[in-house]
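# Inside the fold
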Amino acid sequence: MESDQELKLVGFWPSPFVIRVKWALELKGLNYTYIEDDIFNKSPLLLQLNPVQQRVPVLVHLNKPIPESPIILQYIHDTWTDHNHTLLPSDPHLKAHARFWATVGDHKLLEYAWMAMICSKGEEKEGYVQSAIEVLGLIQEELKNDFFGGESIGYLDLVLGWISYWLPVWEEVGSMKILDEAQFPVIYLWAKRFMDHPKIEAHLPPRDQMLVYFEKRRIQLKLAWNK
Ligand SMILES: N[C@@H](CCC(=O)N[C@@H](CS)C(=O)NCC(=O)O)C(=O)O
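To start, this report covers the structure provided alongside it. (Residues numbered from 1 in each chain as written. Predicted model: local features only at pLDDT ≥ 70, side-chain atom pairs only at ≥ 80, totals over all residues. Heavy atoms only, no water.)

### Details of the site of the ligand
Close to the ligand lie Ser15, Phe17, Ile39, Lys42, Gln54, Arg55, Val56, Pro57, Glu68, Ser69 and Pro70, which account for all nearby residues. Contact between the ligand and Glu68: a nitrogen atom at 3.0 Å from a side-chain N or O atom of the residue. Taken by itself the ligand offers 510 Å² of open surface, and the protein chains cover 77% of this. In terms of residue class, the shell around the ligand is made up of five nonpolar, three polar and three charged. (Near = heavy atom within 4 Å. Polar contact = N/O pair within 3.5 Å; in protein donor to acceptor, adjacent residues only side chain to side chain. Areas by Shrake-Rupley, 256 points an atom, 1.4 Å probe, with all protein chains shown as cover. Nonpolar A, V, L, I, M, F, W, Y, C, P; charged D, E, K, R; others polar.)

Encoded structure:
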């Protein structure tokens with residue numbers, strides 16, 4: 001077990017990027033200190049730890065900061081090799097494959113779903129929704145077992161995990177549907193399975209607070225971006 005001094009996570013409660021790191025640390029059974037930051041009023045600590053991007057999450061291990069959630073997950077996988085929960089496969093091709101789909105998830109699905117939530121202009125919004133649905137279809141084809149990681153939750157499950165809890169909130173806030181149970185039964189069941197894992201569900205922010213937060217963000221960004 002790591003002591004509190006050795007492992008810290010700087011985060012922001014509604015972030016879909018921070019939660020994946022929390023989940024990884026919990027699955028690995030690592031002891032860490034969570035430090036809540038405010039991305040609208042960033043602390044000197046965050047600016048010092050991640051001066052280039054000034055974003056959360058940042059993991060601090062033995063006083064060394066590691067930013068960017070996919071990089072942090074990789075770091076956790078590489079560093080705590082003796083812990084029983086493996087995040088990435090050892091085969092280089094399978095590893096590259098998981099990283100590729102994680103990139104698709106973040107740079108396409110998450111981006112489209114986020115823009116669809118913010119956008120209120122009919123045609124433009126529909127375009128983002130359709131793009132998200134298309135990518136979700138491709139991601140669904142990649143699921144061959146209970147989890148993307150095989151029998152247990154792995155790196156790609158953690159990166160895509162926001163689909164199970166954040167996406168339904170974004171759908172409600174944005175009055176839209178992306179993850180339709182009838183259209184995506186496999187992903188729908190995966191999302192339920194993922195959420196039912198005790199280490200996953202124990203660390204979710206309250207849904208009612210998420211709805212309030214993302215509705216506020218939707219209105220702010222819609223005005224700022226003229227969407
Ligand atoms: N690609 C990054 C994204 C991190 C990110 O966008 N974090 C947001 C919170 S959800 C943030 O810190 N935003 C502050 C800013 O951009 O100034 C990751 O996966 O860690």
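So that's the structure; there's more coming.
### Let's talk about the pattern of salt bridges
By the definition in use, this model includes five salt bridges. Residues Glu171 and Lys177 are paired through a salt bridge, measuring 3.3 Å at the closest nitrogen-oxygen approach. Owing to a relative accessible area of 6%, Glu171 belongs among the buried residues under this scheme. For Lys177, a relative accessible area of 47% gives the class partly exposed. (Salt bridge = Lys/Arg side-chain N within 4 Å of Asp/Glu carboxyl O. Buried < 20%, exposed > 50% of the residue type's maximum accessible area, 1.4 Å probe, protein only.)

### Here's the deal with unusual backbone geometry
In this structure, the amide linkage connecting Val56 to the following residue, Pro57, adopts the cis form with an omega of 5°. Here Pro57 lies in the loop between α2 (44-49) and β3 (58-61). Phi at Gln54 is positive, roughly 55°, even though this residue is not glycine. Relative to the assigned elements, Gln54 resides in the loop between α2 and β3. Its identity as a non-glycine residue notwithstanding, Ser175 has a phi of 45°, on the positive side. As for its position among the elements, Ser175 is in the loop between α7 (162-173) and α8 (185-196). Here Ser175 falls in the exposed class, since its relative accessible area comes to 65%. (Helix = DSSP H or I, 4+ residues; strand = E, 2+ residues; numbered from the N terminus.)

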